[in-house]
Amino acid sequence: MDTTPPPFFNRGPAPLVRLTFFGLLAVLLMVLDARFQYTEPLRQVIALVAYPLQQAALAPVRVARATFDYFTSKSALEREIDELRARHLQVAKDLVTLEALAAENAQLRRLMEAREKWQRKSTLAEILYAGRDPFARRVVIDKGSSHGVRPGLAVIDELGVVGQVTRVHPMLSEVTLITDKNQAIPVQVVRNGLRAVAFGSGDGETLDLRFMAANADVQNGDLLVTSGIDGTYPQGLPVARVARIERDAAYVFAKISLVPAAGTDRYRHVLVLSQDSLLPPPPPEAETDKDRPSKMKRPRVRRDA
Amino acid sequence: MSVQFDNRSQRILRPVKPGFIAVTILVALVLNMLPWRNIAGIPDWVALALVFWCVREPRRIGIGLAWLLGIVMDAANSALFGQHALAYSALAFASIALSRRMLWFPLWPQAVHVLVLLLASQLLMLAVRLFTGAAFPGFLYFAGSVIAAALWPLVTIVLLIPQTLPDSMDENRPI
């Protein structure tokens, strides 16, 4: 005998069953994303579906910006032109010197048969909006893989490093700011060449210089620039200035707070530095592996003897 | 007969049009994608719309749709993939479970129910992100839920307009 209820009572699985199913599916996705980064293709597809919605949401903002720009008063524009002219003059003077220096540098490098380290090209991009994820510091810019942006490129503004491209969509890409907690950037103190790694502190405004010995030669106001040894950031871009140092004898490391040089939350336009590293490729893994055991073996032999 | 937005009212609402539900959810998605620049206290419009329709139409809107909306939000926000999906699924489940109870209260006590639901879903997301190593974003993170709950009476009145408008007004008819 048929004991199944008539179809108009049939409402599918119970809510708790559905919750368990979808909850487990979500947890699975989170594990795949956080641990293995397997979800990128799926994310790309869904982001493509959401793209028209995002454009619809951005349209009124674009119109408002355009209207605001159009109605900017004449005096404000004149003032801006005057300021820009003055800056241009200043920069022009620097540029002439820089060109001479660059030529001289190139000649010296030729003499030393050293190769140019970087070949730089840059793409101007506009910041569309800040990511709505309150746990991370990210902004979305209007240039994507179709404009030649690739993950890992450095992003700067006129004052210094803003961040790094971390995810690329066809028309947009995401830039993780240097103030993000998980974003590390290798730096160098300009005053004495000391190398270190700066991390975002998580509060969204400052960075920390971690793992610096308590007696490290770092002073308030020191300028930190990219050291360039990571092969990601070009050398010599301003990153941050030391704002506060706490040296406590109870801890091995000093607590050093930095204020970013770039206006990570202020500007609308940024430059994406697309560069092809001309550094020689890193030595193959096998060689370093061969070196290490020989170093490790020596103390062991000594201990046996 | 005055319009009341709970089950104690004698007035019978007209059936909801599925197209209207779809439009409100799309509008909520667009609202969520507006460039808010991380201002604290901006409500999660999708979560609010989801709670509303789960409470009002638990037989049409369910956990599956909540999960899908969560995935879209994750992709659009570049959050941890699955974070919103998990939170919205739990939110939909709790809203459906509470729907029969909530509608017997007036609008403001309903808003208190909504506040608890939204805060719980935010706590779930916070726990997941802290577990994966993110920094605590500060207590202002929860301000959005408080404002969303405060908007609940207004949202209810606005979203029920199509169902409360009669074709022809008659004082003696319950529709």
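All residue numbers refer to position in the chain's written sequence, counted from 1. Both sets of labels track the order of writing: A upward for chains, 1 upward for ligands. Whole-chain, interface and lining totals are the exception, using all residues; otherwise, since this is a predicted model, local features are given only for residues with pLDDT of at least 70 and side-chain atom pairs are given and counted only at 80 or more.

What follows covers the overall build of chain B. The secondary structure listing takes helices from DSSP runs of H or I that are at least 4 residues long and strands from runs of E that are at least 2 residues long, numbered from the N terminus. A tally of regular secondary structure across chain B gives 8 helices and 0 strands. Restricting the calculation to C-alpha atoms gives the radius of gyration, and the globule rule supplies 2.2 Å times the number of residues raised to the power 0.38. Taken over C-alpha atoms, the radius of gyration comes to 17 Å for chain B, in line with the 16 Å a tight globule of 175 residues would show. Seen through its principal axes, chain B has C-alpha atoms that stretch 60 × 30 × 30 Å. Here a residue counts as buried when 20 or more other C-beta atoms fall within 10 Å of its C-beta, as exposed when 12 or fewer do, and as partly exposed in between; the C-beta atoms come from the backbone. Split into buried and exposed, the 175 residues of chain B put 41% on the buried side. Counted over contacts in chain B with a minimum sequence separation of 6, partners at least 24 positions apart contribute 71%. Any pair of residues counts as being in contact when their C-beta atoms, constructed from backbone geometry, are within 7 Å of one another.

Attention now moves to the overall build of chain A. Helix and strand content of chain A: 4 helices and 12 strands. Of all 305 residues assigned to chain A, the portion counted as buried reaches 25%. For chain A, the share of sequence-separated contacts (at least 6 apart) that also reach a separation of at least 24 residues comes to 57%.

This brings us to the sheet that holds strand E7 (residues 195-200) of chain A. Residue and element names in this part refer to chain A. With antiparallel pairing, 6 strands are arranged side by side around a closed barrel as E6-E7-E8-E11-E10-E9. The average angle at which neighbouring strand axes cross in this sheet is 40°, direction not considered. Looking at chain direction, strand E10 (residues 238-246) and strand E11 (residues 255-260) are connected through 6 bridges and run antiparallel. Looking at E11, one finds that Arg244 is bridged to Ser257. Two strands form a pair only when DSSP identifies at least two bridges running between them. To get an axis, fit a line to the C-alpha atoms, keeping to the stretch in contact for a helix; angles then go from 0 to 180 degrees between the N-to-C directions.

Contact residues are listed per partner, giving 37 residues for chain B and 36 residues for chain A. Residue assignment for the side of chain B that touches chain A shows that the elements contributing at least two residues are helix H1 (18-33), helix H3 (63-77), helix H4 (83-102) and helix H5 (107-131) of chain B. Note on residue classes: Ala, Val, Leu, Ile, Met, Phe, Trp, Tyr, Cys and Pro are nonpolar, Asp, Glu, Lys and Arg are charged, and everything else, Gly too, is polar. For the side of chain B that touches chain A, the per-class residue count stands at 26 nonpolar, 9 polar and 2 charged.

So, on to H1(B). Given the number of residues in a helix, its expected span is that number minus one, multiplied by 1.5 Å. Taking 1.5 Å of rise per residue, 16 residues should cover 22 Å, and H1(B) covers 23 Å from first to last C-alpha, within 8% of that figure. Along H1(B), the residues classified as buried are Ala28(B), Leu29(B), Val30(B), Asn32(B) and Met33(B).

For the rest of this paragraph, the subject is the nonpolar core. All names here are of chain B. Here a nonpolar core is just a set of buried residues of the types Ala, Val, Leu, Ile, Met, Phe, Trp, Tyr and Cys, joined wherever their C-beta atoms sit within 7 Å. By size, the foremost hydrophobic cluster in this structure holds 56 residues, and its most contacted members are Val46, Leu50, Val51, Tyr88, Leu91 and Ala92. Residue contributions to this core peak at 11 residues, all from helix H2 (residues 45-56). Those residues within four positions of Val51 in sequence are excluded, and the remaining contacts are Leu91, Ser95, Val114 and Leu117.

Further remarks concern the domain arrangement of chain A. Domain start and stop positions are those given by an automatic or database domain assignment. Assigned domains of chain A: these are domain 1 (23-70) and domain 2 (119-277). A straight line from the C-alpha centre of domain 1 of chain A to that of domain 2 of chain A covers 23 Å.

Right, let's get into the pairing of E7(A). Each regular strand shows side chains that alternate between the opposite faces of the sheet. Residues and elements named next belong to chain A. The pairing of strand E6 (residues 184-189) with E7 spans 5 bridges and is antiparallel. Paired with Ile185 across the two strands is Ala198, which belongs to E7. Hairpin geometry of E6 and E7 is characterised by an intervening segment of 5 residues between the two adjacent antiparallel strands and by a positive phi of about 75° at Gly193. With 4 bridges connecting them, E7 and strand E8 (residues 207-210) associate as antiparallel partners. Within E8, the position partnered with Val197 by the bridge is Arg210.

Note on scores: pLDDT gives the predictor's confidence for each residue, bounded by 0 and 100. Confidence along chain A averages 80 in pLDDT terms, with 83% of residues attaining 70 or more. Counting contacts from residues 287-305 of chain A, a segment whose pLDDT is below 50, to residues more than four positions away or on other chains yields 1 contact.

Residue and element names in this part refer to chain A. In this sheet, strand E9 (residues 223-226) lies alongside E6 in antiparallel orientation, the contact comprising 3 bridges. Opposite Val187, over in E9, you have Thr226 as the bridge partner. Where E9 meets E10, 3 bridges bridge the pair, whose relative direction is antiparallel. Bridge assignment links Leu223 to a residue of E10, and that residue is Arg241.

Even without being glycine, Phe211(A) reaches a positive phi, approximately 60°. Positive phi values are uncommon outside glycine, yet Ser78(B) reaches one of about 50°. Looking at where Ser78(B) falls in the secondary structure, it is placed in the loop between H3 and H4.

Here we take up helix H3 (residues 74-112) of chain A. With 39 residues, H3(A) should reach 57 Å at 1.5 Å per residue; the first-to-last C-alpha distance of 54 Å fits that figure. Little of H3(A) sits out of view: just 0 of its 39 residues are buried.

Residues and elements named next belong to chain B. Taken N-terminus to C-terminus, the directions of H5 and helix H7 (residues 152-159) make an angle of 110°; their axes are 8 Å apart at the nearest point. Classified by the angle between their axes, H5 and H7 sit roughly perpendicular to one another. Within the contact between the two elements, H5 uses Leu107, Trp108, Gln110, Ala111 and Val114 and H7 uses Trp152, Pro153 and Thr156. Per-class residue counts for the contact of H5 with H7 are 6 nonpolar, 2 polar and no charged. Comment on the angle field: the value is read as roughly parallel under 35 degrees, roughly antiparallel over 145, roughly perpendicular from 65 to 115, and oblique elsewhere.

For chain B, mean pLDDT is 87; residues scoring 70 or higher make up 91% of the total. Reported for the predicted complex are a pTM of 0.78 and an ipTM of 0.85.

By the secondary structure assignment, Gln54(A) is in helix H2 (residues 40-70). Gln54(A) sits in the buried class, given 22 other C-beta atoms within 10 Å. Among residues more than four places away in sequence, those in contact with Gln54(A) are Met33(B) and Ala76(B).

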